[in-house]
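Take a look at the letters that make up each chain.
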Amino acid sequence: MPFRFTLVILGCLLAGSAQARLGALPPEAPRHVAARDLTAIERTGELRVLVNQSRHSSGEWNGQALGIEYRRLEAFARYLRQRPGGRPLRLVFVPKAKDDLLAALQRGEGDLVAPGETLLPPPHSALIAASVAAPASLVVVGGRGQRLPRHLEQLAGRRVVLPQGSAAGPALERLNAQLEKRRLRPVQVEWADPTLAVEDVLELTQAGIYPLSVVESGLAHRWTRVLSRLRVADRVVVAHDQAQLWYLRAPAHQLAERIRAFARQPQARDDDKAFRQAYARRYQVRDPLQAHDRKRLAQVRPLLQRYAKAYDFDWLTLAAMAYKESGLDPHARGAGRAAGLLQITPRAARSVGVRNLHSAEDNVKAATRYLARLRREFFSSPRLAERERRAFTLAAYNLGPERVQALRAKARKQGLDGDRWFFQVERIAAEEVGIGVVNYVASVNKYRVAFSRERARLEAPAVAATSARAIRREDG
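> Give a detailed account of the overall build of the chain, specifying residues and quantitative values.
Regarding its fold elements, the chain presents 19 helices and twelve strands. Burial analysis of the chain (476 residues in total) assigns 56% to the buried set. By sequence separation, contacts in the chain at least 24 residues apart represent 72% of the contacts at least 6 residues apart. Surface summary for the chain: the accessible area is close to 20300 Å², and the carbon and sulfur share equals 48%.

Here it is as structure tokens:
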């Protein structure tokens, strides 16, 4: 999740002439149903840009844009201002899931799509595409200790996890057609949970939770600067010359020509130092399914399952919380007198009628009761998707329910979706209270994803303590 997002960039671009802010289209604002060309955009002084919500393309830290597209868009705003007759132009960034960007453009929610990654247009699309960077190659990545393929044929039968909207999906379909002709097993493509952006998939791949993934070469190498165990198989190219495009709707041909002219200008280099400072020290998940962790989980599984069933939770959500909070250690001690598997505080436990936090059973009972109370009293609205309800409940467990509700209200005022934590309210949380709660929810979510992939094995007593090496042999 993003380290820091600034909802309003007060600094101006080009000596105060172009401002930028991040926000979605407010519900009460009129939608730009008709496509606008540059003249109409400059008349309003605002260019609405639909951006990929991943921090690779739209990350920001201490008011400094780190995302690839943020930096490029700021440069584009300066370029427009410098041309004869150019006017001050404010950039409004509208974050969307990658696989919803083009649909949002067609709905009129923005003037321009700047995905920051390879984004393929739908078949027979009437959208205008403008190249903004050199073509990229899609390459295979894995974690340290993972057996990386040396050529494409060695992907046969291997499992590859892709982020939602990845251009590698069609490329792997073509590869599978070639493998079938050679009577080789197909690549097993798994699509990642929609709460995970591309950098989250890379983090899970680094940890060994995901076996392999496929991403743009430049993107992969950028993240090796902070994900030190990530390995890139540069010679295993799944697709060459993938265009890096911005998209517009017809008839915005004048704006498209300006983008193409801008792309011919020298481009600013990536700020490696700022990128490292922003991301190198943040919490990174590790594989929770190593042999010793499986043994610990097997010991507390009956307890977690009993209270999860009693209060209508998925027991793997409790397991993920316990792993993040205490490493599955019932005797763990934390800040603010928090204790036990789920690191509940005495005050929270007393609020649900439990006073003894030092037995594992009472600790789990108190925490699960408290979670159920938060969910019931604050996040029971049918408008909430279940994954968002779970995320808000986790955020309230970490931060307090009143503060989370205040963040939701502010998100709505900023034009974001107050019913979505991931990529929406979490942006306000990072700005208002810091990265701690964002990292907490993200990490629990990733551990839940890791556990869920092996639910059947974890729920089978005879297999629960099997070593990770034997279990993962099928993934290579």
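Moving on, there is more to tell.
> Requested: an account of unusual backbone geometry, with residues and values cited.
Cis geometry marks the peptide bond from A250 to P251; its omega dihedral reads 10 degrees. Looking at the element boundaries, P251 is found in the loop between β12 (230–248) and α8 (253–263). The phi torsion at R183 lies on the positive side, around 60 degrees, for a residue other than glycine. Relative to the elements of secondary structure, R183 occurs in the loop between α5 (168–181) and β10 (188–191).

> Describe the pairing of strand β9 (residues 159–162), naming the residues involved and giving the relevant values.
Across four bridges, the pairing between β9 and β10 is parallel. Opposite R159, over in β10, you have Q188 as the bridge partner. With α5 bridging β9 and the parallel β10, this β-α-β connection has right-handed handedness.

> Got a sec to walk through a positive patch on the surface? Specific residues and values, please.
Positive charge collects at one region of the surface, where R337, R347, R350 and R355 lie side by side. Structurally, the position occupied by R337 is in the loop between α11 (315–326) and α12 (346–351). For R337, a relative accessible area of 66% puts it in the exposed group.

> Describe the packing of aromatic side chains, and please don't skip the residues or the numbers.
Scanning the model with the defined rule gives 13 aromatic pairs in all. Ring geometry for W246 against F262: centres 6.4 Å apart, planes inclined by 20 degrees, an arrangement best described as stacked. With W246 in strand β12 and F262 in helix α8, this pair connects stretches of sequence that are 16 residues apart. Per residue, the accessibility class of W246 equals that of F262, and both read buried. A ring pair is formed by F379 and F392, whose centres lie 5.8 Å apart and whose planes are at 15 degrees; its orientation type is stacked.

> Describe the packing of helix α16 (residues 421–432) against helix α17 (residues 436–452), naming the residues involved and giving the relevant values.
Following both chains from N to C, one finds α16 and α17 inclined at 150 degrees, their axes separated by 9 Å at the closest point. As the angle between them shows, α16 and α17 are arranged roughly antiparallel. Together, W421, F422, E426, A429 and A430 of α16 and V437, V438, V441 and N445 of α17 make up the contact between the two elements. A per-class count over the contact of α16 with α17 returns seven nonpolar, one polar and one charged.

> Run through the environment of E69, naming residues and quoting values.
With respect to the helices, strands and loops of the structure, E69 is situated in helix α3 (residues 68–82). What makes E69 buried here is its relative accessible area of 1%. It is 9.0 Å that separates the C-alpha atoms of E69 and E117, two residues lying 48 residues apart in sequence. Discounting chain neighbours no more than four positions away, the residues touching E69 are S57, A114, P115, G116 and W246. A distance of 2.5 Å separates the side chain of E69 from the side chain of R72, its partner in a polar contact.

> A description of the environment of V160 should follow, citing residues and the corresponding values.
Note that V160 resides in strand β9. Contact partners of V160, with chain neighbours within four places excluded, come to L155, L172, V187, Q188, V189, E190, L212, S213 and V214.

> Explain the side chain of T393 residue by residue, including any values.
Secondary-structure assignment places T393 in helix α14 (residues 386–399). Dropping the residues within four chain positions of it, T393 is found in contact with L371, L374, R375 and F379.

> Give a detailed account of α16, specifying residues and quantitative values.
In a regular helix each residue adds 1.5 Å, so twelve residues correspond to 16 Å; α16 covers only 14 Å between its end C-alpha atoms and thus falls short of that length. Burial analysis of α16 places ten of its twelve residues in the buried class, which makes it a mostly covered element. By the burial criterion, the buried members of α16 are W421, F422, F423, Q424, V425, E426, R427, I428, A429 and A430. Note on α16: the residue one or two positions beyond its end, G434, has a positive phi of about 105 degrees.

Thresholds applied
Residues numbered from 1 in each chain as written. Predicted model: local features only at pLDDT ≥ 70, side-chain atom pairs only at ≥ 80, totals over all residues. Heavy atoms only, no water. Helix = DSSP H or I, 4+ residues; strand = E, 2+ residues; numbered from the N terminus. Buried < 20%, exposed > 50% of the residue type's maximum accessible area, 1.4 Å probe, protein only. Contact = heavy atoms within 4.5 Å. Areas by Shrake-Rupley, 256 points an atom, 1.4 Å probe, with all protein chains shown as cover. Pairing = 2+ DSSP bridges. Right-handed = clockwise from strand over helix to strand, strands pointing away. Patch = residues over 30% accessible without salt bridge, like charges linked within 9 Å, V, L, I, M, F, W, Y side chains within 5 Å. Salt bridge = Lys/Arg side-chain N within 4 Å of Asp/Glu carboxyl O. Lys, Arg positive; Asp, Glu negative; His and termini not counted. Charge placed at Lys NZ, Arg CZ, Asp CG, Glu CD. Phe/Tyr/Trp six-rings, centres within 6.5 Å; stacked < 30°, edge-to-face > 60°. Axes fitted to C-alpha atoms, helices over the stretch in contact; angles between N-to-C directions. Parallel < 35°, antiparallel > 145°, perpendicular 65-115°, else oblique. Nonpolar A, V, L, I, M, F, W, Y, C, P; charged D, E, K, R; others polar. Polar contact = N/O pair within 3.5 Å; in protein donor to acceptor, adjacent residues only side chain to side chain. Expected span 1.5 Å × (residues − 1).

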